[in-house]
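# Overview (structure and organization)
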Amino acid sequence: MKLTKKDILGIKDISVEEIKLILDTAESFIEVSTREIKKVPTLRGKTIINLFFEASTRTRTSFEIAGKRLSADTINISASTSSVVKGETLIDTARNIEAMNPDAIVIRHSAAGAPHLLARMVKQSIINAGDGAHEHPTQALLDMMTIREKKGRIAGLAVAIVGDIAHSRVARSNIYGLTKMGARVIVAGPAMMIPRDIERMGVSVYHKLEDAIKDVDIIMMLRIQMERQQQKIFPSLREYSNYFCLNRNNITLAKDDVLVMHPGPINRGIEISPDIADGPYSVILDQVTNGVAVRMALLYLLIGGKS
Ligand code: CP
């Protein structure tokens, strides 16, 4: 099967078959990153622009590494060092990049829908690296890859996503992806951090961490997205952590072989205690490793894998 899409904008628009194709392709790329010479010629002569209007460590670096391991030329543009600081609009920036004829543009932007706008404006493949509180499709794909790698399946697993669901593009993309793939998804957090009507996305809602993680296979902890909150929605981080920090006591409520996931960056001691983040249940760094493979797969399928 081929990926016939021009762009990867969100998990909402990706079919189960396409998700499986991306994960299978990513698995086949894992080996490249373990070689002494971590490079294959697959995308030689292709150019990838990473256009990041928001901070990133994992996503930007892994897209750059993914492109380089496939022998593409990768160029990073961040808002702070671009002509955006002189007032250039997103559309003008994109049109000028398009004029240099790259093959793909990876974009992260604080505005929900910015990658969708670009996808309509330019002929290149657009990959959404996170748009506001809307979607972060490549994160959900690497999360699903990690779950499948560690558990051998996604269907039938119980996954609790805990924290600031309302402001989390990671939660939204994972809810779309995990429910499509047959997992049972539970979301938990203080009432102010749970979007109204989220049950319509096919999830169960809890407001106590202990209720949410009881007997689950996967716990996905989320960071409080202070940068996206218009107003202070809880009294203090200490109070939040008293009720919603995953620690060595409450984790015993989950299954014995539970996996602990976090998209990063983590706030140690707030949503997750350091011993859990670094402990035997944690697959947080496996997620990061798989991020390179997933992004290699997407670049290959979008701009190199059509023939
Ligand atoms: N998970 C994630 O998107 O991390 P970065 O913000 O560091 O890219």
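Notes on the structure in this doc start here. Just so you know, these numbers come straight off a predicted model, no measurement behind them. (Residues numbered from 1 in each chain as written. Predicted model: local features only at pLDDT ≥ 70, side-chain atom pairs only at ≥ 80, totals over all residues. Heavy atoms only, no water.)

### Describing the overall build of the protein
Within the protein, the secondary structure is distributed over ten helices and nine strands. Projecting the C-alpha coordinates of the protein onto the three principal axes gives extents of approximately 55 × 45 × 35 Å. Within the span of the protein, comprising 307 residues, buried residues form 55% of the whole. Taking the intrachain contacts of the protein between residues at least 6 apart in sequence as the baseline, contacts between residues at least 24 apart amount to 73%. If you average the places of the 40 positive and of the 34 negative side-chain charges in the protein, the two averages end up 3 Å apart. (Helix = DSSP H or I, 4+ residues; strand = E, 2+ residues; numbered from the N terminus. Buried < 20%, exposed > 50% of the residue type's maximum accessible area, 1.4 Å probe, protein only. Contact = heavy atoms within 4.5 Å. Lys, Arg positive; Asp, Glu negative; His and termini not counted. Charge placed at Lys NZ, Arg CZ, Asp CG, Glu CD.)

### Re the sheet that holds strand β1 (residues 47-52)
Taken in spatial order, the four strands of this open sheet run β2-β1-β3-β4, and their pairing is parallel. The strands lining the two open edges of the sheet, one partner per strand, are β2 (73-78) and β4 (125-131). Averaged over all pairs of adjacent strands, the angle between their axes in this sheet comes to 15°, without regard to strand direction. Examined bridge by bridge, β1 and strand β3 (residues 104-109) share five bridges and lie parallel to one another. (Pairing = 2+ DSSP bridges. Axes fitted to C-alpha atoms, helices over the stretch in contact; angles between N-to-C directions.)

### Observations regarding the environment of E36
Looking at the element boundaries, E36 is found in the loop between α1 (16-29) and β1. Judged by its relative accessible area of 80%, E36 is exposed. For E36 and N101, which are 65 residues apart along the polypeptide, the C-alpha to C-alpha distance reads 32 Å.

### Some points on the pattern of salt bridges
Under the definition given, this model contains 15 salt bridges. In this structure, the salt-bridge partner of D7 is K6, at a minimum N-O distance of 2.9 Å. Among the charged side chains, a salt-bridge network with shared partners connects D24, E27 and R148. (Salt bridge = Lys/Arg side-chain N within 4 Å of Asp/Glu carboxyl O.)

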